[in-house]
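An overview of the molecular structure
Letter by letter, the chains look like this.
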Number of protein chains: 2
Amino acid sequence: MKDLTAQQSKVLNCIEESINKTGFPPTRAEICQKLGFKSPNAAESHLRALEKKDIISIAGGSSRGISIKNKKSSSGGSVPVIGLVAAGSATLASENIEREINVDPSLFSRNVDYFLKVKGLSMIEDGIYEDDLVAVHKTNDFKNGDLAVVRTEDDVTLKYIFKENHKLLLKPANKDFDPIHIDLRNESAEVEGIGVGLIRKN
Amino acid sequence: MKDLTAQQSKVLNCIEESINKTGFPPTRAEICQKLGFKSPNAAESHLRALEKKDIISIAGGSSRGISIKNKKSSSGGSVPVIGLVAAGSATLASENIEREINVDPSLFSRNVDYFLKVKGLSMIEDGIYEDDLVAVHKTNDFKNGDLAVVRTEDDVTLKYIFKENHKLLLKPANKDFDPIHIDLRNESAEVEGIGVGLIRKN
DNA sequence: TTTTATACTGTATAAATATATAGTATTTTT
DNA sequence: AAAAATACTATATATTTATACAGTATAAAA
């Protein structure tokens, strides 16, 4: 599958969010409003690009006629649980999958691609504990303050993310932990996804 | 739940079919075409009736703004979500059920009978926040220190429970809240169930 | 018995919406 | 270096769509 641009991902996310939240796809104007575009044609052309890449289909002549293709498992989706091995990669590689659980896709605001089993105490002040399962929506798009799964050069970590120009701030929710500053000119870092929910087992 | 008439069922079917087939809800005109009505108001009034019966919701002022409520998906154990009304009863009475969600029964250590939507901040120090859904296993059996849903004489509350002879201690996880002491010789209290897990939506 | 709900036709229209066209600018691909 | 794709603003408009209003008729509930 062809890769999506950052903007195209945002538009796709916007569509997903609308369907999950309201039950129906957005209009061009609604996409513009959510993403800050000032011309309906901004949304239109992104939609056409997504259609060309076979990500969505657009029903001509009908309002809100957007549907997402290859929509995997509308109900009873089986979602893998991935353990964060120290300094390991949180990919969907089968050796990292601890188990699979069935979740109602409508449970969380966005589609859940996997659950990340939390290691460490860096987020305890915001109620995210060791062995909690954080529901992760795979995307490289985020807003400042989002709970993000970030792959740095030598680690995969769950933190609040803030970006300003070439500087990335990964902020823990634990005063005993220091924020991580990353200068994207020197180091690489990639957002794997954002946390959209949490499951805890007592 | 009120019963639907034959025509209302047809309209509801038509909506479901449209969502499954196209990915978005139908317009009034499309409903008319499919069911053979000649006036858009035929569809409109059926939709209003379905809305009144709380089967669907209609987003005013937007096209195709129809969504089906309590959309319980096909498979898996469906578990109700109960909102804790202030001083209300957390029974499984249908009027308290906010929605139903499907969960993998193997997710939590014990069978989940319902989810309790948390109100208040009495447990925040242990990572249980407002609007979190606590998975509750219905039982009146508990161990000291269990997270319990307790019905007191004038409230239903979620606290850690400790029992010693005729004294019951309900302990919050928030230093701003005082523990509740109940003398079972004077007051009644009943354990509705114990918390076996938690789901949080961001 | 009167009201309310159901079940429509028919007409009309303001508002919502898709969509085309004309530009500008930057980046990526060929 | 040229072409194509990306990423928009800005304007316009035909069409889609929700939705109100005016009726008619029947069945069910109060």
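Preceding this paragraph is the structure being described.
Read on for an overview of the structure. Note that the coordinates shown come from a computational prediction; the quantities given were computed from them, not determined experimentally. (Residues numbered from 1 in each chain as written. Chains lettered and ligands numbered in written order. Predicted model: local features only at pLDDT ≥ 70, side-chain atom pairs only at ≥ 80, totals over all residues. Heavy atoms only, no water.)

A short note on the packing of aromatic side chains
For any two aromatic rings, the description comes down to two numbers: the centre-to-centre distance and the angle of the planes. Residue and element names in this part refer to chain A. Inspection of the entire model under this criterion finds two aromatic pairs over all chains. Look at Phe-108 and Phe-115: their rings are 6.4 Å apart centre to centre, the planes differ by 70°, and that puts the pair in the edge-to-face class. Taken individually, Phe-108 and Phe-115 each receive the classification buried, so the pair is uniform in this respect. Seen from the ring of Tyr-129, Arg-200 lies directly overhead, with NZ or CZ sitting 4.7 Å from the centre. (Phe/Tyr/Trp six-rings, centres within 6.5 Å; stacked < 30°, edge-to-face > 60°. Buried < 20%, exposed > 50% of the residue type's maximum accessible area, 1.4 Å probe, protein only. Lys NZ or Arg CZ within 6 Å of the ring centre and 35° of its normal.)

What to know about the protein's contact with DNA strand C
In the vicinity of DNA strand C there are 27 residues, among which A:Gly61, A:Arg64, B:Gln7, B:Ser39 and B:Ser63 approach most closely. Within 4 Å of the protein, atoms of DNA strand C come from sugar and phosphate in 70% of cases. For DNA strand C, a phosphate oxygen lies 3.0 Å from a polar atom in the backbone of A:Arg28. B:Lys38 places a polar main-chain atom, nitrogen or oxygen, 2.8 Å from a phosphate oxygen of DNA strand C. Per-element tally for the surface near DNA strand C: the top contributor is helix H3 (residues 40-52) of chain B, with six residues. Among the residues forming the surface near DNA strand C, the class breakdown is four nonpolar, 16 polar and seven charged. (Near = heavy atom within 4 Å. Polar contact = N/O pair within 3.5 Å; in protein donor to acceptor, adjacent residues only side chain to side chain. Helix = DSSP H or I, 4+ residues; strand = E, 2+ residues; numbered from the N terminus. Nonpolar A, V, L, I, M, F, W, Y, C, P; charged D, E, K, R; others polar.)

Structural notes on the interface of chain A and chain B
Counting from both sides, the interface comprises 36 residues of chain A and, opposite them, 37 residues of chain B. Roughly 2600 Å² of surface becomes buried between chain A and chain B when both sides are summed, with 48% attributable to carbon and sulfur atoms. The largest contributions to the chain A side of the interface with chain B come from A:Leu107, A:Arg200 and A:Asn202, which together make up 21% of the buried area. For the interface between chain A and chain B, the tally reads zero salt bridges. Our enumeration of links across chain A and chain B arrives at 13 residue pairs in polar contact (both at pLDDT 80 or more). Put simply, the parts of the chain that give the side of chain A that touches chain B at least two residues each are strand E2 (66-68), strand E4 (97-103) and strand E11 (189-201) of chain A. Sorting elements by how many residues they give to the side of chain A that touches chain B places E11(A) first, with seven residues. Considered class by class, the residues forming the side of chain A that touches chain B number 14 nonpolar, 14 polar and eight charged. Pairing geometry for E11(A) and strand E11 (residues 190-201) of chain B, over five bridges, is antiparallel. From the neighbouring strand, A:Gly197 faces E11(B), where its bridge partner is B:Lys201. (Contact = heavy atoms within 4.5 Å. Buried area = accessible area lost by both parts, 1.4 Å probe. Salt bridge = Lys/Arg side-chain N within 4 Å of Asp/Glu carboxyl O. Pairing = 2+ DSSP bridges.)

Some remarks on the pattern of salt bridges
Residues and elements named next belong to chain A. Overall, the coordinates contain 19 salt bridges over all chains when judged by the stated rule. Asp-131 is the salt-bridge partner of Lys-119, the closest N and O atoms lying 2.9 Å from each other. Here Lys-119, found in the loop between strand E5 (114-117) and strand E6 (133-138), pairs with Asp-131, found in the loop between E5 and E6; they are twelve residues apart in sequence, far enough to count as distant. Owing to a relative accessible area of 42%, Lys-119 belongs among the partly exposed residues under this scheme.

With respect to the protein's contact with DNA strand D
Around DNA strand D, a shell composed of 26 residues is seen, among which A:Gln7, A:Ser39, A:Ser63, B:Gly61 and B:Arg64 lie nearest. Taking the atoms of DNA strand D that fall within 4 Å of the protein, sugar and phosphate contribute 67% of them. In the model, a phosphate oxygen of DNA strand D is placed 2.8 Å from a nitrogen or oxygen of the A:Thr5 side chain. Within the side chain of A:Asn41, one N or O atom sits 3.1 Å away from a base oxygen of DNA strand D. Secondary structure elements with two or more residues in the surface near DNA strand D: helix H1 (6-22) and helix H3 (40-52) of chain A together with H3 of chain B. If you tally residues by element for the surface near DNA strand D, the top one is H3(A), at five residues. Each residue belonging to the surface near DNA strand D can be placed in one class, and the counts come to four nonpolar, 16 polar and six charged.

A closer look at the nonpolar core
If you look at the biggest cluster of nonpolar residues, it comprises 28 residues, and the most contacted ones within it are A:Ile128, A:Val134, B:Ile128 and B:Val134. Elements that contribute at least two residues to this core include exactly E5, E6, strand E7 (147-152) and strand E8 (156-164) of chain A together with strand E5 (114-117), strand E6 (133-138), strand E7 (146-151) and strand E8 (156-164) of chain B. The residues touching B:Val134, leaving out its near neighbours within four places in the chain, are B:Tyr114, B:Phe115, B:Leu116, B:Val118, B:Ile128, B:Leu147, B:Leu158, B:Gly195, B:Gly197 and B:Leu198. A:Val103, A:Ala135, A:Val196 and B:Ile101 belong to the second-largest nonpolar core, a separate cluster that totals 24 residues. (Core = buried A, V, L, I, M, F, W, Y, C linked by side-chain atoms within 4.5 Å.)

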